[in-house]
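Letter by letter, the chains look like this.
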Amino acid sequence: MENIQNILFAALWFAILGGAMGVLLAIASKIFYVKSDERVEEISELLPGANCGGCGYAGCAALAEAIAKGEAKTSACVAGDEALAAKIAAIMGVAAEKPVRMRAQVMCSGTSEFANKKYVYEGAVDCYAASKLGGGDKLCPNGCIGLGNCVKACVFDAIEVVNGVAVVDYEKCQACGKCVTACPKHIIKLIPYDSTHWVGCMSVDKGAVTKKYCEVGCISCRLCEKACAEGAIHVTDYVASIDYEKCVQCGACVEKCPRKIIWSDKSQRVSVTINPEHIEEA
């Protein structure tokens, strides 16, 4: 009988303590309540939900919170378009910002038939693993390794390896930047989507050395630089690069390049091929 009374007494005290704690928690929740911003949920519903990280935030939910707090632009979603930015701006009650659409571009033209190799690689299908063995199998230290780390990183299925070089499907690309981060050679860049011109080489060696690496590598002859009336292309560290804020896409650099690696055709997303007969000696 005494044992039963002890059990009942303990159960009563637990019930009293549980009730007291419940009351205290209820009071605390009222005191420390933080009103949620309804705009966060509205913006989250509009965002694509890819969680690609191209905006610089951990995911779409984090971006929605940042926009609601005024810490990120209404056009910050790289996977979005002008219509999305306008809808988010309406929720925030601010003027719509026009997003600048970007795309990924692999700055290498050294496909299997043009890039010279130093050995035959038979290891893990991983660019980082191959890069540990003398920088990869290609002689060029800045050539695409071609084992597809960028392909694996792309959540939009916008990149593939063709003839030993990664190429981008511009229509699918959302400029999230994951391929940029995944490339151990750092030869994938984000450029304006509407740009039709890009330099297909990132070799930083002198022309004579680059010629030994690749039949189509930039030889830093500066003919493109001299041809550009807008001052939009310059040779720095033995490789040409385009300033897209100045480029008017006139094509003068394309015509002057003796190696024919300044591209002016966005269809190159499908394959990177060069006719050797068109390559002039310089």
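For the structure given in this document, a descriptive report is provided here. Note that the structure is a prediction, hence the values are computed from the model and not measured.

Each value, and the rule that gives it
- Residues numbered from 1 in each chain as written.
- Predicted model: local features only at pLDDT ≥ 70, side-chain atom pairs only at ≥ 80, totals over all residues.
- Heavy atoms only, no water.
- Buried < 20%, exposed > 50% of the residue type's maximum accessible area, 1.4 Å probe, protein only.
- Helix = DSSP H or I, 4+ residues; strand = E, 2+ residues; numbered from the N terminus.
- Pairing = 2+ DSSP bridges.
- Contact = heavy atoms within 4.5 Å.
- Polar contact = N/O pair within 3.5 Å; in protein donor to acceptor, adjacent residues only side chain to side chain.
- Axes fitted to C-alpha atoms, helices over the stretch in contact; angles between N-to-C directions.
- Parallel < 35°, antiparallel > 145°, perpendicular 65-115°, else oblique.
- Nonpolar A, V, L, I, M, F, W, Y, C, P; charged D, E, K, R; others polar.
- Lys, Arg positive; Asp, Glu negative; His and termini not counted.
- Salt bridge = Lys/Arg side-chain N within 4 Å of Asp/Glu carboxyl O.
- 1 Å grid on protein atoms, 1.4 Å probe; cavity = no way out; pocket = protein on both sides within 12 Å on 5 of 7 lines; lining within 4 Å.
- Points joined across faces, edges and corners; volume = space filled by probe spheres on them.

## Concerning the pairing of strand β6 (residues 233-236)
A one-sided burial pattern is seen for β6, the buried positions being I233 and V235 and the unburied ones H234 and T236. For β6 and strand β7 (residues 239-242), the ladder comprises four bridges, and the chain directions are antiparallel. In the strand pairing of β7, I233 is matched with I242. Taking the residues between adjacent antiparallel strands as the criterion, β6 and β7 are bridged by two residues, where D237 takes a positive phi near 55 degrees.

## Re the pairing of strand β2 (residues 159-162)
As judged from the four bridges shared by β2 and strand β3 (residues 165-168), these two strands associate in the antiparallel manner. Residue pairing across strands places I159 opposite V168, the latter belonging to β3. With antiparallel pairing between neighbouring strands as the criterion, β2 and β3 make up a hairpin whose turn holds two residues, including N163 at a positive phi of roughly 55 degrees.

## Some details on the environment of R39
For R39, the position within the fold is in helix α2 (residues 38-46). Taking the C-alpha atoms as reference, R39 lies 9.1 Å from I88; in sequence the two are 49 residues apart. Sequence-distant contacts of R39, that is, excluding residues within four places in its chain, are made with A68, I91 and M92. Among the polar contacts made by the side chain of R39, one reaches the main-chain carbonyl oxygen of A68 at a distance of 3.0 Å.

## Quick notes on the packing of α2 against helix α4 (residues 82-92)
Closest axis-to-axis distance for the α2/α4 pair is 10 Å, and the angle between their directions is 170 degrees. Judged by the inter-axis angle, α2 sits roughly antiparallel to α4. Each of R39, E42, I43 and L46 in α2 lies in contact with α4, whose residues at this interface are L84, K87, I88, I91 and M92. Split into classes, the residues belonging to the contact of α2 with α4 amount to six nonpolar, no polar and three charged.

## Describing the side chain of K185
For K185, the location among the structural elements is in the loop between α7 (178-182) and β4 (188-192). One buried charged side chain, K185, makes no salt bridge at all; its nearest oppositely charged neighbour is D137, positioned 7.5 Å away. Looking at K185, its side chain comes within polar contact range of the main-chain oxygen of G135, at 2.8 Å. In terms of polar contacts, K185 uses its side chain to reach the backbone carbonyl oxygen of P141, at 3.1 Å.

## Here's the deal with the environment of E171
Relative to the assigned elements, E171 resides in the loop between β3 and α7. Within the structure, the side chain of E171 is placed 2.9 Å from the side chain of Y193, a separation counted as a polar contact.

## Observations regarding the layout of surface pockets
Quantified by volume, the largest pocket comes out at close to 310 Å³. Surrounding the largest pocket, 18 residues form its lining, C77, V78, P99, V100 and R101 being those nearest its centre. Estimated volume of the second largest pocket: approximately 220 Å³. Residue lining of the second largest pocket: 13 residues in total, with C201, M202, V239, A240 and S241 positioned closest to the centre. Ranked by residues supplied to the lining of the second largest pocket, first place goes to β7 with four residues. Taken together, the residues of the lining of the second largest pocket break down into nine nonpolar, two polar and two charged.

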